[in-house]
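As a plain string of letters, each chain reads:
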Amino acid sequence: MALLSKKDTKLILDPLSDDNPITIQVLGICSALAITAELEASIVMAISVMFVLGLGNVVISLLRNIIPSKIRIIVQLIVVAALVIIVDLILKAFAYELSKTLSVFVGLIITNCIIMGRFEAFALANRPWRSFLDGIGNAAGYGLILIIVGFFRELLGSGSLLGFKVLGDPISKTGLYAFGYENNGFMLLSPMALIIVGLIIWVQRSKNKALIEEE
Amino acid sequence: MMGKNTDKNSYTFIFAVIMVLVVGSILAFTAQSLKERITENERFEKQQNILYAMGINDNEDGSITFISTDKVADIFSQYITKQLVIQGDKVTEDDMAYLIDVRREKKLAKNKSYQRRLPLFVGKKEGKTFYIVPIRGKGLWDAIWAYVAMDENMVVQGAFFDHKAETPGLGANIKQRFFMDDFIGEHMFSNGIFKGITVAKGNNDPLNRRKDDNRVDAIAGATITGDGVTAMIKSDIRLYVPYFKTLKSN
């Protein structure tokens, strides 16, 4: 027996392309703009969201039959905030360096609309295992876009990847810079992230016409 | 059936109360049981930061590596020869000065009658004396702070910057080597007047060859964080100028 049924696999794979949270559902844009100036930050954010969304979806799914519908949004907020704070405290106690790196992301994770969106749209109506897969899948789809955007912004904006100067040194003019190449400082500002996301949406829709809405 | 019940006001109310109690106690319990470890980690971090500023670290090419936590307490007491607390004209020695909460002191000092306690750490390495001061200010989103090591002429010998929540990839880069290392050799004074160090845009000296211009190169896309750095150096290091003057007259 396969570990994942066909339906389960779909839960993970769909958000990577045809049901991507950023490019199709247009959720989680704020953090996609805010922290993608460097590839490393994008990767850290992707992993953190995957952890919180996977776990949060399971918790919400377990509670789905007892959560009063009138206050479900507050309940969701409390679950995600509590999860994030507990993880933050544990990291502070046992992996202090890591917690320093992640501290900036804590606020961004709690307010990430993908998390609330998946709680609301999926976990409240599905079993824990499927909710878990949905969480992992959506976080992966989100992370994929973050990493693509981070890759281009860091490469074109700072001429480096993960901090390594892959295009040469812009100050002492080595590598590409010796031929008059310059970094595009505009890439480091958030508007360019939006434009890159727009380009990804364009490419995706031109490859898969089914995604284009009927007039 | 379940769905019907959960719509009732009384159920909603009871659920809310129970949830607050449960989540509250879980958080309180976690925080309480981890508190000791966390404060210990924070203490180590301060020692690591202070040592880092005076150039005692395990840095390799471009990396930022602190002295490891199991050794830091020993190395700290070995290199930091004196910890002083400056309060007006009074200078006292205090072995716990590094635990003074700069943020709290800053807040208290808003009340004019309070005389702020200014911690200063004196370190010795290879015959050279370092004076390390902690400073604190505001970035774009939240607090930023630094430890700046200077010689007796207030020429920077090393600096360590940190922040609570600056934007990753932009303002958060004040914590990178390329930014911090630029401060080494910079002067606080210009023709006998305290100028501080300005984080300047304009890219006029990106290699930072001029060390006496009271300027370092800013980070693109991090204007407000950079301005915050300028402001905290001007406001906080200025407070130590009288002490450095007494060093010279002796």
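Predicted model only: the values in this text are computed from it and were never measured.

Draft legend 1. Geometry of the pattern of salt bridges. Under the counting rule described, the total for this entry stands at 13 salt bridges over all chains. Where Lys92(A) meets Asp88(A), a salt bridge forms, and the shortest distance between an N and an O atom there is 3.5 Å. Of the two residues, Lys92(A) and Asp88(A) both sit in helix 4 (residues 72–94), four residues apart, roughly one turn of that helix. With a relative accessible area of 16%, Asp88(A) lands in the buried category. Across the pair Asp162(B) and Lys175(B) runs a salt bridge whose closest N-O atoms are separated by 3.6 Å. Of the two residues, Asp162(B) sits in strand 6 (residues 156–163) while Lys175(B) sits in the loop between strand 6 and helix 5 (177–180), which places them 13 residues apart along the sequence. A single network of salt bridges, built from pairs that share partners, joins Lys100(A), Glu45(B), Asp162(B) and Lys175(B).

Draft legend 2. How the structure looks around the side chain of Thr167(B). Along the chain, the position of Thr167(B) falls in the loop between strand 6 and helix 5. Its relative accessible area of 13% is what places Thr167(B) among the buried residues. Sequence-distant contacts of Thr167(B), that is, excluding residues within four places in its chain, are made with Ala34(A), Leu140(B), Trp141(B) and Ala172(B).

Draft legend 3. A look at the sheet that holds strand 1 (residues 80–87) of chain B. Residue and element names in this part refer to chain B. Strand order in the open sheet formed by six strands is 2-1-3-4-5-6, and the pairing between neighbours is antiparallel. In this open sheet, the two strands that pair with only one neighbour each are strand 2 (90–93) and strand 6. When the angles between neighbouring strand axes are averaged without regard to direction, this sheet yields 25 degrees. Here strand 3 (residues 118–125) runs beside strand 4 (residues 128–138); their pairing, made up of five bridges, is antiparallel. Bridge assignment links Lys125 to a residue of strand 4, and that residue is Lys128. Along the sheet face, helix 3 (residues 69–79) touches strand 1 and strand 3 and points at about 75 degrees away from the line of strand 1. Sheet strands touched by helix 6 (residues 223–238): strand 4, strand 5 (143–150) and strand 6. Its angle to strand 4, the strand with the most contacts, is close to 120 degrees.

Draft legend 4. Region of interest: helix 5 (residues 96–110) of chain A. With 15 residues, helix 5 of chain A extends 20 Å from end C-alpha to end C-alpha; this agrees with the ideal 21 Å at 1.5 Å per step. Of all the bends in helix 5 of chain A, the greatest measures close to 45 degrees and is centred on Ser103(A). Taken residue by residue, helix 5 of chain A has Tyr96(A), Ser99(A), Lys100(A), Leu102(A), Val104(A), Phe105(A), Val106(A), Ile109(A) and Ile110(A) as its buried positions. The elements touched by buried residues of helix 5 of chain A are helix 3 (39–62), helix 4 and helix 6 (113–121) of chain A together with helix 2 (9–53), strand 5 and strand 6 of chain B.

Draft legend 5. How the structure looks around helix 4 of chain A. In a regular helix each residue adds 1.5 Å, so 23 residues correspond to 33 Å; helix 4 of chain A covers 33 Å between its end C-alpha atoms and thus fits that length. Looking only at helix 4 of chain A, the buried set comprises Val75(A), Gln76(A), Val79(A), Val80(A), Ala81(A), Ala82(A), Leu83(A), Val84(A), Asp88(A), Leu89(A), Leu91(A) and Ala93(A). Residues of helix 4 of chain A that are buried in the fold lie against helix 3, helix 5 and helix 6 of chain A together with helix 2 of chain B.

Draft legend 6. The arrangement of the pairing of strand 6 of chain B in detail. All names here are of chain B. In terms of residue burial, strand 6 counts as a mostly covered element, since seven of its eight residues are buried. Pairing between strand 5 and strand 6: seven bridges, direction antiparallel. Within strand 6, the position partnered with Met150 by the bridge is Val156. Following strand 5, the chain reverses through five residues before pairing antiparallel with strand 6; Met154 in that reversal takes a positive phi of roughly 60 degrees.

Draft legend 7. Structural context of the side chain of Asn112(A). Residue and element names in this part refer to chain A. Here Asn112 shows up in the loop between helix 5 and helix 6. According to the relative accessible area criterion, Asn112 is buried, its value standing at 2%. Within the structure, Asn112 has its side chain in polar contact with the side chain of Ser31 (distance 3.5 Å).

Draft legend 8. Spatial organisation of the nonpolar core. Ile22(A), Met45(A), Phe105(A) and Ile109(A) are the most contacted members of the largest nonpolar core, which has 47 residues in total. Where this core is concerned, the elements lending two or more residues are helix 2 (29–34), helix 3, helix 4, helix 5, helix 6, helix 7 (128–158) and helix 8 (190–207) of chain A together with helix 2 of chain B. Sorting elements by how many residues they give to this core places helix 4 of chain A first, with eight residues. Not counting chain neighbours up to four residues away, the residues in contact with Ile22(A) comprise Leu27(A), Gly28(A), Ile29(A), Ala32(A), Tyr142(A), Ile145(A), Leu146(A) and Val197(A). By size, the runner-up hydrophobic cluster in this structure holds 41 residues, among which are Leu84(B), Met154(B), Ile197(B) and Ile219(B).

Draft legend 9. Structural context of the packing of helix 3 of chain A against helix 6 of chain A. Residue and element names in this part refer to chain A. Where helix 3 contacts helix 6, the axes come no closer than 10 Å and their chain directions differ by 30 degrees. As the angle between them shows, helix 3 and helix 6 are arranged roughly parallel. For helix 3 against helix 6, the interelement crossing comes out right-handed. Residue-level inspection shows Val52, Leu53, Gly56, Asn57 and Ile60 of helix 3 in contact with helix 6, the latter providing Ile114, Ile115, Arg118 and Phe119. Tallied by class, residues from the contact of helix 3 with helix 6 come to six nonpolar, two polar and one charged.

Draft legend 10. Geometry of the environment of Ile56(B). Residues and elements named next belong to chain B. Inspection of the secondary structure assignment puts Ile56 in the loop between helix 2 and helix 3. The class for Ile56 is buried, based on a relative accessible area of 9%. Taking the C-alpha atoms as reference points, Ile56 and Gly185, separated by 129 residues in sequence, lie 17 Å from one another. Not counting residues within four places of it along the chain, the set of residues in contact with Ile56 comprises Leu51, Ile67, Ile75, Tyr79 and Lys125.

Parameters at a glance
Residues numbered from 1 in each chain as written. Chains lettered and ligands numbered in written order. Predicted model: local features only at pLDDT ≥ 70, side-chain atom pairs only at ≥ 80, totals over all residues. Heavy atoms only, no water. Salt bridge = Lys/Arg side-chain N within 4 Å of Asp/Glu carboxyl O. Helix = DSSP H or I, 4+ residues; strand = E, 2+ residues; numbered from the N terminus. Buried < 20%, exposed > 50% of the residue type's maximum accessible area, 1.4 Å probe, protein only. Contact = heavy atoms within 4.5 Å. Pairing = 2+ DSSP bridges. Axes fitted to C-alpha atoms, helices over the stretch in contact; angles between N-to-C directions. Expected span 1.5 Å × (residues − 1). Bend = angle between axes of the 7 residues up to and from the residue. Polar contact = N/O pair within 3.5 Å; in protein donor to acceptor, adjacent residues only side chain to side chain. Core = buried A, V, L, I, M, F, W, Y, C linked by side-chain atoms within 4.5 Å. Parallel < 35°, antiparallel > 145°, perpendicular 65-115°, else oblique. Left-handed = near helix turned anticlockwise from the far one by under 90°. Nonpolar A, V, L, I, M, F, W, Y, C, P; charged D, E, K, R; others polar.

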